[in-house]
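Topology and contacts: notes
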Amino acid sequence: MNTILLVEDDDTLNANIKLSLETEGYNVIAVRTAAAAEAAAPGADLIILDVTLPDGNGIELCRRLRKNIQTPVIFLTSCDDEADIVRGLDSGGDDYMTKPFRLRELFSRIRANLRRIPDIPEMELTAVEQKLLGYLMMNREHYLTREQILEYLWDSKGIFVNDNTLSVNISRLREKLSRSSGCGRIVTKRGMGYKWTDS
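Before going into details, it helps to say that this report is about the structure given with it. Everything quoted here is computed from the prediction, not taken from an experiment. Along each chain, residues carry numbers from 1 onward, in the same order as the chain's sequence is written. This being a predicted model, a pLDDT of at least 70 is required before a residue's local features are given, and a value of 80 or more before pairs of side-chain atoms are given or counted; all residues contribute to the totals for chains, interfaces and linings. Just so you know, side-chain values use all the structure's heavy atoms and leave hydrogens and water out.

**Re the side chain of Thr197**
For the purposes of this entry, the term helix denotes a DSSP run of H or I that reaches at least four residues, the term strand denotes a run of E that reaches at least two, and both are numbered from the N terminus. Examined against the element boundaries, Thr197 turns out to sit in strand β9 (residues 193-197). Here a polar contact is taken to be a pair of N or O atoms separated by no more than 3.5 Å, where protein atoms must pair a possible hydrogen donor with a possible acceptor and residues adjacent in sequence count only if both atoms sit in side chains. A distance of 2.9 Å separates polar atoms of two side chains, one belonging to Thr197 and the other to Glu141.

Structure follows, in structure tokens:
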């Protein structure tokens with residue numbers, strides 16, 4: 001059973017969406033603030049995120065979450081301005097729905113985003129390997145240069161990867177992934193970089 005984190009400050013809408021999702025068979029964590037969402041996010045398989053929250057902005061929250069998790073995020077908002085949609089997607093969002101919306105469409109988008117998560121059995125990964133795998137999966141089917149990856153992996157909290165160490169980490173990650181059949185793979189193309197492919 002997939003767990004969905006619902007972040008919506010409107011009490012009525014929050015309760016109605018929660019009930020509908022539970023009827024569809026999802027486990028739902030329903031919260032109304034950015035602070036509560038940030039605390040609950042690591043336990044979710046997918047996040048439905050309102051943009052306007054009483055204690056912050058959903059787009060900024062998404063940026064913060066992306067530093068640690070790669071969970072699919074569907075923005076849910078009453079604003080359909082193109083610039084705001086672009087900001088939401090650029091912040092790390094995977095999808096964007098405007099209110100009012102049809103529940104069947106929401107369910108369809110949830111299923112589509114959940115399908116993008118490979119079924120990878122539990123494996124022991126280092127902090128660098130986890131972050132590397134998450135970044136590649138977040139940009140699946142798109143090549144990332146070594147420079148892009150190194151910039152993403154650098155972390156003021158103490159995670160630092162140089163060029164040689166990156167090669168070692170990619171090699172070790174490939175080895176661990178090879179033990180899990182059908183979970184996707186990392187592709188290398190000279191002059192372009194690396195990409196995650198589900199095939």
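**What to know about the nonpolar core**
Buried residues of nine kinds, namely Ala, Val, Leu, Ile, Met, Phe, Trp, Tyr and Cys, make up a nonpolar core once their side-chain atoms join them within 4.5 Å. Under the scheme applied here, a residue whose accessible area is under 20% of the maximum for its type counts as buried, over 50% as exposed, and between as partly exposed, the area being computed with a 1.4 Å probe on protein chains only. In terms of nonpolar packing, the biggest core is built from 20 residues, with Leu5, Val7, Ile47, Leu49, Leu61 and Phe75 touching the most fellow members. Secondary-structure elements contributing two or more residues to this core are β1 (3-7), α2 (34-40), β3 (46-50), α3 (58-65) and β6 (73-77). Considering each element in turn, this core owes the most residues, four residues, to α3. Contacts are assigned to residue pairs with any non-hydrogen atoms lying within 4.5 Å of each other. Those residues within four positions of Phe75 in sequence are excluded, and the remaining contacts are Leu49, Val51, Gly58, Ile59, Cys62, Gly88, Ser91, Gly93, Asp95, Tyr96 and Met97. Ranked by size, the runner-up nonpolar core spans 19 residues in total, among them Leu133, Leu136, Leu150 and Leu153.

**Describing helix α8 (residues 163-178)**
What a helix is expected to span follows from its residue count: subtract one and scale by 1.5 Å. The first and last C-alpha atoms of α8 sit 23 Å apart over 16 residues, in line with the 22 Å expected at 1.5 Å per residue. Every buried residue of α8 is accounted for by Leu166, Asn169, Ile170, Leu173 and Leu177. Seen end-on, α8 carries its buried residues on one side only, within an arc spanning 100°. Turned more than 90 degrees off the buried face of α8, the exposed positions are Asn164 and Ser178. The arc in question is the one traced by the directions running from the helix axis out to the C-beta atoms.

**Digging into helix α7 (residues 146-153)**
When α7 is considered as a whole, its buried residues turn out to be Arg146, Ile149, Leu150, Tyr152 and Leu153. End-on view of α7: buried residues confined to an arc of 165°, all on one side of the axis. Exposed positions of α7 whose direction lies more than 90 degrees from the buried face are Glu147 and Glu151.

**Quick word on the packing of aromatic side chains**
For this analysis, a ring pair means two rings from Phe, Tyr or Trp (six-membered ring only for Trp) whose centres lie within 6.5 Å, classed as stacked if their planes differ by under 30 degrees, edge-to-face if by over 60, and tilted for the remaining angles. Counted according to the given criterion, the structure contains one aromatic pair. Their ring planes at 45° and their centres at 5.9 Å tell us that Phe75 and Tyr96 sit as a pair that is tilted. Of this pair, Phe75 sits in strand β6 while Tyr96 sits in strand β7 (residues 95-98); the two residues are 21 residues apart in sequence, bridging distant segments of the chain. For the residue pair Phe75 and Tyr96, the accessibility class agrees, reading buried in each case.

**Observations regarding unusual backbone geometry**
Among all residues except glycine, the phi angle is most often negative; among peptide bonds, the trans geometry is most common. Here Lys99 and Pro100 are connected by a cis peptide whose omega angle stands at -5°. Looking at the secondary structure, you find Pro100 in the loop between β7 and α5 (103-115).

**Section: the pairing of β3**
Moving residue by residue along a regular strand, the side chains alternate between the two faces of the sheet. Among the five residues of β3, five are classified as buried, and the element is accordingly described as predominantly covered. Side chains Leu46, Ile48 and Asp50 of β3 all project onto a buried face; the interleaved residues Ile47 and Leu49 project onto the opposite face, where all are buried too.

Functional significance is not addressed by these values, which are geometric in nature.
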